[in-house]
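Summary of structural features
What follows is the residue order along each chain.
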Amino acid sequence: MIPEVCLTDAAAVFTDTTSIPDGSQSSFTYNWTFNVTGVTPGPTPASSTVKNGTTKYNKADNYQVKLTVKSNAGCVDSLTQAFTVNGSIPKSDFNVINPTTLCSNLPVQILNTSTVDFGWLTKVEIYWDFLNNPTQKVIDDTPTVGEIYNHLYANFQQPATKTFTIRFVAYSGGTCVDVKTKTVTINASPLTQFVTMPGICFDAAPRQITQASEIGGVAGSNPAFAYYGNGVSSTGLFNPATAGVGTFPIKYVYTSNIGCQDSATRNITVWPSPTAKFGISSPVCEKNNITITDTSVANYSNIVSWSYNFDDGTTLVRNNAIAFTKNYLTGNTYNATLVVTTDSGCVSPVFTKPIVVNYLPRVNFSLPEICLPDGRGTFNNLSTIPDNSEALFTYLWNFDDPADPTPSVLKSPTHQYTALAPTGGYMVKLKVTSKDGCVDSLTKPFSNVYPQPKAKFDIAPVTKAVCIGDTLFFTDRSDGKTSAVNTWKWTFGDNTTDATQNPSKKYADTNTYKVQLVIFNTQGCISDTATDYVTVHPYP
């Protein structure tokens, strides 16, 4: 082993580390040559035969040292190595990097600028706080000029500065040593705190971050702090719309009035806005319930509020997504809106759905007056619709007739009844369907089914026989049933008629004549035919 020595060291001791596989090292013989290259003045002694050779060099220079070893079996091997005797006067020195801006939370760096008059440094010792801890040191056994050493002192916020003494010891051998001492001033570093920030909704207004602060009481610069990160201004105003949806690191940096800094970083999460949406059942007709089905998506957490505006002067706030019904009283196009809110306070953009509310048919019809036994009557459709699409109506009539339950799909159908209306009338119903599938109906009680009037008359003389030229008197005894008789139709069998109620008649010829009467009441119902016979005799 080659020693590290300088010119003033008392001796250079070379340590033998030779070995042999059979373990017979104790029988080795040695021959050291300490100055193979012949440097003058040479060392004293120039050679040695002991295991660990020792000599005193008299000149700082580069040397070659040779060791020859012989085993007990007479085997010989040798090794020559270069060796330097360093100068006797090393110069210890170092520079403090950035000495005026040293901060307690950053390492102090020193640059080794020590020198030696010949050779190189063999060791340095650094005492970072020599006055307070004179026994604590850092040793570098392979130092180089220009090497940088770092040391981090205990971080502090008070007092404003602390002073430390650095002692730098440089060696060029065992006894060649020099010492350099310098004082450094360390500035207090700020101490930042950044507590957890709550999440924020994408749709929320910009929020001032208040969770970061300096807690060490260190005076700050102007401005003392700044924020960095997506969506945040230097003053800490965070705009979620600028950052976007996601999780983002926000960095808070505090700078002291000396320029020392400390920072802390926390994440902030921007929650997505929910998506509002709903659907409706069809057809959509005025005055009819439509089913509204929510299809909103929370995107994050849970929706807790649904706020509807139906654009007809009504609003509704719900706390669940269960389907519900709504009706519009008047046909029109309505721009209904929905806004949903989550339990995180996030509000959706307004969802607008145009709802076309179709008109209902305005169902109406007129009732006929029906006389038995014919029983036929036409029900006249009077239905309309505000959009004037009556031509596209479809119809379904129900006449409530047990004798003929057949419905009709005609616009204005004719139905034949065979019996008088029951108590309360026949319940005639018309259902009309519009082109948009909107259905309305109307039911009217129908009692205008009248019985047939009864025609009847008397003849005077009661014998019903007269002579030619005599007068016969006819007296109406008819029954109009449901209204008064207002029309009479008499036929006398001789091709003559009369329309008065109680006519008289003279026949001009002999015969037996058939007299008939048909009457009409004021409702237009025609009676059966009343018939009787009269005989006209000739004079003798």
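So, here's what we can say about the structure. Please read these numbers as outputs of a predicted model, since none were measured by experiment. (Residues numbered from 1 in each chain as written. Predicted model: local features only at pLDDT ≥ 70, side-chain atom pairs only at ≥ 80, totals over all residues. Heavy atoms only, no water.)

Moving on to the overall build of the protein chain. Looking only at helices and strands, one finds one helix and 48 strands in the protein chain. In terms of overall dimensions, the protein chain has a C-alpha envelope of 210 × 65 × 30 Å along the principal axes. In the protein chain, buried positions account for 38% of the 540 residues. Taking the average location of the 36 positive side-chain charges in the protein chain and that of its 40 negative ones, the two points are 1 Å from each other. (Helix = DSSP H or I, 4+ residues; strand = E, 2+ residues; numbered from the N terminus. Buried < 20%, exposed > 50% of the residue type's maximum accessible area, 1.4 Å probe, protein only. Lys, Arg positive; Asp, Glu negative; His and termini not counted. Charge placed at Lys NZ, Arg CZ, Asp CG, Glu CD.)

Close approach of charged atoms allows side chains with opposite charge to pair. The tally for this structure, following the rule as stated, stands at 15 salt bridges. Ionic contacts of the salt-bridge type, sharing partners, join the residues Lys123, Glu125 and Lys137 into one network. (Salt bridge = Lys/Arg side-chain N within 4 Å of Asp/Glu carboxyl O.)

Let's shift gears to the layout of surface pockets. By volume, the largest pocket is sized at about 370 Å³. Forming the walls of the largest pocket are 23 residues, and the residues nearest its centre are Asp16, Thr18, Leu67, Val69 and Leu79. Among the secondary structure elements, those contributing two or more residues to the lining of the largest pocket are strand 6 (62-70) and strand 7 (76-86). For the lining of the largest pocket, a count of residues per class yields 12 nonpolar, seven polar and four charged. (1 Å grid on protein atoms, 1.4 Å probe; cavity = no way out; pocket = protein on both sides within 12 Å on 5 of 7 lines; lining within 4 Å. Points joined across faces, edges and corners; volume = space filled by probe spheres on them. Nonpolar A, V, L, I, M, F, W, Y, C, P; charged D, E, K, R; others polar.)

Overall, the coordinates contain four disulfides when judged by the stated rule. Each disulfide pairs two cysteine sulfurs, and for Cys103 the partner residue is Cys260, the sulfurs being separated by 2.1 Å. Between Cys103 and Cys260 the disulfide shows an S-S torsion of about -90°. By sign, it is left-handed. With Cys103 in the loop between strand 9 (94-96) and strand 10 (108-112) and Cys260 in the loop between strand 23 (246-256) and strand 24 (261-271), the pair connects residues that are 157 residues apart, well separated along the chain. (Disulfide = S-S within 2.5 Å.)

Our next topic: the side chain of Glu214. With respect to the helices, strands and loops of the structure, Glu214 is situated in strand 20 (residues 212-214). In terms of polar contacts, Glu214 uses its side chain to reach the backbone amide nitrogen of Leu191, at 2.9 Å. In this structure the side chain of Glu214 is engaged in a polar contact, spanning 2.9 Å, whose partner is the backbone nitrogen of Gly217. In this view, Glu214 contacts Pro190, Leu191, Thr192, Tyr252 and Tyr254; residues no more than four positions away in its chain are not counted. (Polar contact = N/O pair within 3.5 Å; in protein donor to acceptor, adjacent residues only side chain to side chain. Contact = heavy atoms within 4.5 Å.)

For the rest of this paragraph, the subject is the pairing of strand 38 (residues 426-433). Along a regular strand, successive side chains alternate from one face of the sheet to the other. With burial as the criterion, only one face of strand 38 is covered, namely that bearing Tyr426, Val428, Leu430 and Val432; the residues Met427, Lys429, Lys431 and Thr433 on the opposite face remain uncovered. In the sheet, strand 36 (residues 394-398) pairs with strand 38 via five bridges, with the strands oriented antiparallel. Considered in strand 38, the bridge of Tyr395 is made with Val432. Across eight bridges, strand 38 lies against strand 39 (residues 439-446) in antiparallel orientation. Bridge pairing in strand 39 places Val432 opposite Asp440. Counted between consecutive antiparallel strands, the loop separating strand 38 from strand 39 contains five residues, among which Gly437 sits at a positive phi close to 85°. (Pairing = 2+ DSSP bridges.)

Evaluated as defined, the whole model comprises 35 aromatic pairs. Ring plane angle 10° and centroid distance 6.2 Å describe the contact between Trp32 and Phe34, whose orientation is recorded as stacked. This pair shows no difference in class: Trp32 is buried, exactly as Phe34 is. Note on Phe379 and Phe399: the rings are 5.2 Å apart at their centroids and 45° apart in plane angle, and the pair reads as tilted. Residue Phe379 is found in the loop between strand 34 (376-378) and strand 35 (380-381), and its partner Phe399 is found in the loop between strand 36 and strand 37 (414-416); the two are separated by 20 residues along the sequence. The buried category is assigned to Phe379, whose relative accessible area is 0%. (Phe/Tyr/Trp six-rings, centres within 6.5 Å; stacked < 30°, edge-to-face > 60°.)

What follows covers the nonpolar core. Core analysis: the largest hydrophobic core is formed by 20 residues, its most contacted members being Ile110, Trp128, Tyr153, Ile166, Val184 and Ile186. Contributions of two or more residues to this core are made by strand 9, strand 10, strand 12 (123-127), strand 15 (161-171) and strand 16 (177-187). Counting residues per element, this core draws most heavily on strand 15, which supplies four residues. Not counting the four nearest positions on each side in its chain, Ile110 is found in contact with Phe94, Asn95, Val96, Ile126, Trp128, Glu147, Ile148, Tyr149, Ile166 and Phe168. The next biggest cluster of nonpolar side chains, apart from the first, holds 19 residues, and it includes Phe278, Ile290, Tyr308 and Leu338. (Core = buried A, V, L, I, M, F, W, Y, C linked by side-chain atoms within 4.5 Å.)

To continue, consider the sheet that holds strand 3 (residues 29-33). Here five strands make up an open sheet; going across it, the order is 1-7-6-3-4 and the pairing mixed. In this open sheet, the two strands that pair with only one neighbour each are strand 1 (5-6) and strand 4 (47-48). Judged from the two bridges that link them, strand 1 and strand 7 form a sheet pairing that is parallel. Looking across to strand 7, one finds that Val5 is bridged to Val85.

Attention shifts here to unusual backbone geometry. Most of the time, phi is negative for any residue but glycine, and the peptide bond is trans. In the segment running from Gln158 into Pro159, the intervening peptide bond is cis, with an omega of 0°. For Pro159, the location among the structural elements is in the loop between strand 14 (148-151) and strand 15. Look at the link from Ser282 to Pro283: it is a cis peptide, with omega at -5°. Of note, Pro283 is situated in the loop between strand 25 (278-280) and strand 26 (290-294). Although it is not a glycine, Ser301 adopts a positive phi angle of roughly 55°. Tracing the backbone through its elements, the reader meets Ser301 in the loop between strand 26 and strand 27 (303-309). Under the relative-accessibility criterion, Ser301 is labelled partly exposed at 30%.

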